[in-house]
Amino acid sequence: MIFLDNAGTTKMFSECVTTYSHFACEEFYNPSAVSRKSAFVHAKLEEVRRDCLKKLGALKGTVIFTGGATESNNLAIKGAVKNDDYEYVFSNGEHPSVFNIARSLENDGKVVRFVGLDKNGKVNLDELENMLNKRTKLISCMLVSNETGAINDVKKIVALRNELAPNALVHIDAVQGFMKIPFSVEDLGVDMLSFSAHKFHGPKGVGGLYVRSLQLIKNIIDGGGQEYGLRSGTENVPGVMAMQTALLKIDVKENFKNVSRLKQIFNDIVATENGIKILDFHGSPYIEVLLFSGVKGETMLHALEENGVIVGLGSACSAKKAGNRILENIGYSKEEIISSCRISFNAYMNESEVKEAGKIIIETYREMLKRLN
Ligand code: PLP
């Protein structure tokens, strides 16, 4: 099976399984207890925190370990909400773990503004500029779109915040960017950033929230006060340690180069078929969208799986729902959206796999067209 749904999740490195097992069965101690064994585990967690900060290019701030990016996004946004008369800005391209919080804030009577996407799938900066003011408390958008691979101009968003909304925090959901595209939080200038280990070959259910300062947000769950009081509950030590193994194994720049090359090889093959259109948003090389003229994306997905290739239909959380809010927002028609599949690569695939996948996609498309006509 050739797996081309790596934006949905990735296969965990076998080294992570070894680490996981060690910290689940050997060094299984509670990092908050007082024994020397516990102090050792606590120190190991602190080491991972430092490694995360290093990989994020952070010179200040810390990382709060969470149960994945959905939780990180909830902590960042709900933790920043104030009772006063503030405004909250989100993009229309957000993952449900951000978008649905925005909707519920709106239902709670908060002033929530949604910025549209431009034709390149990026946050529309002109629209954003018109929405920001001194009452803006938070701007939350993603770094890389999980649906299209488009990369937002976060530096420009931060510059607009600095100029027009000095009281606002900038949070980015960097799930599809962290450990995939080179960036640093210092260069971007963001206040908070969410990430998730299972998107970079670590375990599922583990992630983190970078915060420039612990004072920026309040906790959203009460308990024993772990993670500087911002995320109570015993840390998932085996998961965090396994995430470190993935962090230390990955060479972001090398992988970026490799995936760019693999994507080009794949696209050169797929582009030879008339009815298949590649939507390349010139963003992350890890993600792109294919449109299959005259065949539903969902039909292609099932037929492809039969033929040995797994692709995606956009975010797993939205895949079962009709339509695609993000492509719709960019301006694609219903027909185009229905005919779309998401293709997402990982850096450890080889050339022959992507060539084979390209050929199978073309053959399957022809097969489906024949069946439908
Ligand atoms: N944000 C984005 C952009 C994602 O792609 C995903 C996963 O699909 C999430 C958030 C949620 O991450 P997790 O599965 O770690 O909760």
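From a predicted model like this one, the values you see are computed outputs, not experimental measurements.

Peer 1: Got a minute to help me understand the site of the ligand in this structure?
Peer 2: Around the ligand sit 14 residues in total, of which Thr70, Asp173, Gln176, Ser196 and Lys199 are the nearest. Taking Ala69, its main chain carries an N or O atom lying 2.9 Å from an oxygen atom of the ligand. Contacts to the ligand include His198, whose side-chain N or O atom sits 2.9 Å from an oxygen atom. When the ligand is considered free in solution it has 390 Å² of accessible area, and contact with the protein chains removes 88% of it. A total of 3 residues in the shell around the ligand trace back to one element, the largest contributor, which is helix 3 (residues 69-80). Classifying every residue of the shell around the ligand gives 3 nonpolar, 9 polar and 2 charged.

Peer 1: Explanation requested: unusual backbone geometry in the structure shown.
Peer 2: Peptide bonds are mostly trans, and most non-glycine residues show a negative phi. One non-glycine residue, Met179, lies in the positive phi region at around 70°. Unlike most non-glycine residues, Tyr228 shows phi in positive territory, near 55°. Tracing the backbone shows Tyr228 in the loop between strand 8 (207-211) and helix 8 (237-249).

Peer 1: Got a minute to help me understand a negative patch on the surface in this structure?
Peer 2: A surface patch of negative charge is lined by Asp126, Glu127, Glu129 and Glu163. With respect to the helices, strands and loops of the structure, Glu127 is situated in helix 5 (residues 125-131).

Peer 1: How should the nonpolar core be read in this particular structure?
Peer 2: Here is a general trend for soluble globular proteins: nonpolar side chains tend to be buried in one another's company. Of all hydrophobic cores here, the largest spans 53 residues; its most connected members are Ile172 and Phe200. Take this core: its biggest share by element is 7 residues, from helix 8. Excluding residues that lie within four positions of it along the chain, Ile172 makes contacts with Cys141, Leu143, Val154, Leu188, Val190, Met192, Leu193 and Ser194.

Peer 1: I would appreciate a short explanation of the sheet that holds strand 4 (residues 111-115) in the present structure.
Peer 2: If you trace the 7 strands from one edge of the open sheet to the other, you get 2-8-7-6-5-3-4, paired in mixed fashion. The strands lining the two open edges of the sheet, one partner per strand, are strand 2 (62-66) and strand 4. Geometrically, the sheet is characterised by an average inter-axis angle of 20° between neighbouring strands, direction not taken into account. Of the strand pairs in this sheet, strand 7 (residues 192-196) and strand 8 are connected by 5 bridges, and their pairing is antiparallel. Looking at strand 8, one finds that Leu193 is bridged to Tyr210. Lying on the sheet, helix 6 (residues 154-164) is in contact with strand 5 (136-142) and strand 6 (169-173); it crosses strand 6 at an angle near 160°.

Peer 1: Quick question: what am I supposed to make of the environment of Lys122 here?
Peer 2: Relative to the elements of secondary structure, Lys122 occurs in the loop between strand 4 and helix 5. Sequence separation between Lys122 and Leu75 is 47 residues; the distance between their C-alpha atoms is 24 Å. Once residues within four sequence positions are removed from consideration, Lys122 is found in contact with Gly116, Leu117, Ala150, Ile151 and Asn152.

Peer 1: When you look at the sheet that holds strand 9 (residues 276-279) in this model, what are you seeing that I'm missing?
Peer 2: One open sheet accounts for 3 strands, arranged 9-10-12; its pairing is antiparallel. Because the sheet does not close on itself, it has two edges, and the strands there are strand 9 and strand 12 (340-344). Strand-to-strand twist of the sheet, defined as the mean angle between neighbouring strand axes without regard to direction, takes the value 30°.

Peer 1: Looking at this structure, I do not really get the pattern of salt bridges. What am I missing?
Peer 2: Once the charged atoms of two side chains with opposite charge are near each other, the side chains can pair. According to the stated counting rule, one finds 19 salt bridges in the structure shown. Across the salt bridge formed by Glu367 and Arg371, the nearest N and O atoms sit 3.4 Å from each other. Of the two residues, Glu367 and Arg371 both sit in helix 13 (residues 351-372), 4 residues apart, roughly one turn of that helix. Take Glu367: its relative accessible area is 34%, and that puts it in the partly exposed class. In the salt-bridge network here, residues are joined through shared partners; they are Glu46, Arg49 and Glu227.

How each quantity is defined
- Residues numbered from 1 in each chain as written.
- Predicted model: local features only at pLDDT ≥ 70, side-chain atom pairs only at ≥ 80, totals over all residues.
- Heavy atoms only, no water.
- Near = heavy atom within 4 Å.
- Polar contact = N/O pair within 3.5 Å; in protein donor to acceptor, adjacent residues only side chain to side chain.
- Areas by Shrake-Rupley, 256 points an atom, 1.4 Å probe, with all protein chains shown as cover.
- Helix = DSSP H or I, 4+ residues; strand = E, 2+ residues; numbered from the N terminus.
- Nonpolar A, V, L, I, M, F, W, Y, C, P; charged D, E, K, R; others polar.
- Patch = residues over 30% accessible without salt bridge, like charges linked within 9 Å, V, L, I, M, F, W, Y side chains within 5 Å.
- Salt bridge = Lys/Arg side-chain N within 4 Å of Asp/Glu carboxyl O.
- Lys, Arg positive; Asp, Glu negative; His and termini not counted.
- Charge placed at Lys NZ, Arg CZ, Asp CG, Glu CD.
- Core = buried A, V, L, I, M, F, W, Y, C linked by side-chain atoms within 4.5 Å.
- Buried < 20%, exposed > 50% of the residue type's maximum accessible area, 1.4 Å probe, protein only.
- Contact = heavy atoms within 4.5 Å.
- Pairing = 2+ DSSP bridges.
- Axes fitted to C-alpha atoms, helices over the stretch in contact; angles between N-to-C directions.

Nothing here speaks to function; it is all geometry.
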